[in-house]
Amino acid sequence: MSGKASNPSTRLPSRLNLGVLVSGRGSTLQALIDACAAPDYPARIVLVLSNVAGAAALERAAKAGIATAVVEHKTFPSREAFDEAMRARLVAAGADLVCLAGFMRLLSPAFVEAFAGRLINIHPSLLPAFPGLHVHENVLASGVRFTGCSVHFVNAEMDAGPIIVQAAVPVDPSDTAESLGARVLGAEHQCYPLAVRWIAEGRVRIKGVRVEVDGAAAAAAPLINPQPTSSISAKK
Ligand code: GRF
């Protein structure tokens, strides 16, 4: 072995420990797993926790050799008791940052408080527009030209809290909720690992409702949708 360490954990002794909360298929988790596989990525997943026993996300974690736990909300008398069980698992696993990744339960104020500033979510819209469920259907029904995704710190309200990064995704008139959702998901899979990287690198600060990111600047150009087509321009 050369003098240079080849083990990522040796090279990055201060990798941020992630606890990832999931409920379903786990495509967002997979994006984080893939990012963490890069030797220079400054975070690793120490626990994947699901409220659903058969969630496909758990298989993805197991395949990647990541510890999993199931805490079924149905088996607890209250949301608070369920959240406390999750909190205890996350703390025991040494999670520094908790990432909601398709986690379909509302969190109690006590849980949010316990991880204040260390709890993030990704939502498939340009928040504060279109919070909640059925996002892509609602986007299509509204006629907006852009949608997107938002990675944000979690506060006591649903789909709210200081926004770390957003991606704008154009809406096409021929879109279905499925085609639009797939396009947004591609952006989500880029944005979540990016936000986690920035947090792990210590570049992110919450300033009131805003988030400052050291070494990142606002995108330079506006995006316009729709764009004139070449056939129309040629007639002019
Ligand atoms: C994403 O659209 C995310 O924004 C939302 O759940 C979806 C991800 O599901 N919170 P999954 O990660 O494939 O389970």
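Residues numbered from 1 in each chain as written. Predicted model: local features only at pLDDT ≥ 70, side-chain atom pairs only at ≥ 80, totals over all residues. Heavy atoms only, no water.

Peer 1: Looking at this structure, I do not really get the site of the ligand. What am I missing?
Peer 2: In the neighbourhood of the ligand, the contacting residues comprise G24, R25, G26, S27, T28, G102, I122, H123, P124 and E188. One of the side-chain nitrogen or oxygen atoms of S27 is found 2.6 Å away from an oxygen atom of the ligand. T28 is positioned such that a nitrogen or oxygen atom in its side chain is 2.6 Å from an oxygen atom of the ligand. A total of 370 Å² of accessible area belongs to the ligand in isolation, and the protein chains cover 85% of it. The set of elements that each furnish at least two residues to the shell around the ligand consists of α2 (27-36) and β5 (119-123). Per-class residue counts for the shell around the ligand are two nonpolar, six polar and two charged. (Near = heavy atom within 4 Å. Polar contact = N/O pair within 3.5 Å; in protein donor to acceptor, adjacent residues only side chain to side chain. Areas by Shrake-Rupley, 256 points an atom, 1.4 Å probe, with all protein chains shown as cover. Helix = DSSP H or I, 4+ residues; strand = E, 2+ residues; numbered from the N terminus. Nonpolar A, V, L, I, M, F, W, Y, C, P; charged D, E, K, R; others polar.)

Peer 1: Explanation requested: the environment of A187 in the structure shown.
Peer 2: Relative to the helices and strands, A187 is located in helix α7 (residues 177-200). According to the relative accessible area criterion, A187 is buried, its value standing at 11%. The spacing of A187 and A167 is 20 residues in sequence and 6.4 Å in space, taken between C-alpha atoms. Those residues in contact with A187 that lie beyond four places of it in its chain are C149, A167 and V169. (Buried < 20%, exposed > 50% of the residue type's maximum accessible area, 1.4 Å probe, protein only. Contact = heavy atoms within 4.5 Å.)

Peer 1: Please explain the pattern of salt bridges as it appears in this structure.
Peer 2: Evaluated as defined, the whole model comprises eight salt bridges. Residues E84 and R87 are paired through a salt bridge, measuring 2.8 Å at the closest nitrogen-oxygen approach. Here the residue E84 and the residue R87 both occupy positions in helix α4 (residues 79-93), the gap between them amounting to three residues, near one helical turn. By relative accessible area, which is 26% here, R87 ends up partly exposed. (Salt bridge = Lys/Arg side-chain N within 4 Å of Asp/Glu carboxyl O.)

Peer 1: Please explain the layout of surface pockets as it appears in this structure.
Peer 2: Computed from the structure, the largest pocket encloses a volume of approximately 950 Å³. Lining the largest pocket are 38 residues, and of these G102, F103, M104, I122 and P124 sit closest to its centre. If you list the elements that add at least two residues to the lining of the largest pocket, you get α2, β5, α6 (135-142) and α7. Considering each element in turn, the lining of the largest pocket owes the most residues, five residues, to α7. Residues of the lining of the largest pocket, tallied by class, amount to 18 nonpolar, 14 polar and six charged. When its volume is computed, the second largest pocket comes out at roughly 600 Å³. Lining the second largest pocket we find 26 residues, and of these I164, V165, Q166, A218 and A219 sit closest to its centre. Mapped onto the lining of the second largest pocket, the elements with two or more residues apiece are β6 (146-153), β7 (163-170) and β9 (210-213). Broken down by element, the residue count for the lining of the second largest pocket peaks at five residues, all from β7. (1 Å grid on protein atoms, 1.4 Å probe; cavity = no way out; pocket = protein on both sides within 12 Å on 5 of 7 lines; lining within 4 Å. Points joined across faces, edges and corners; volume = space filled by probe spheres on them.)

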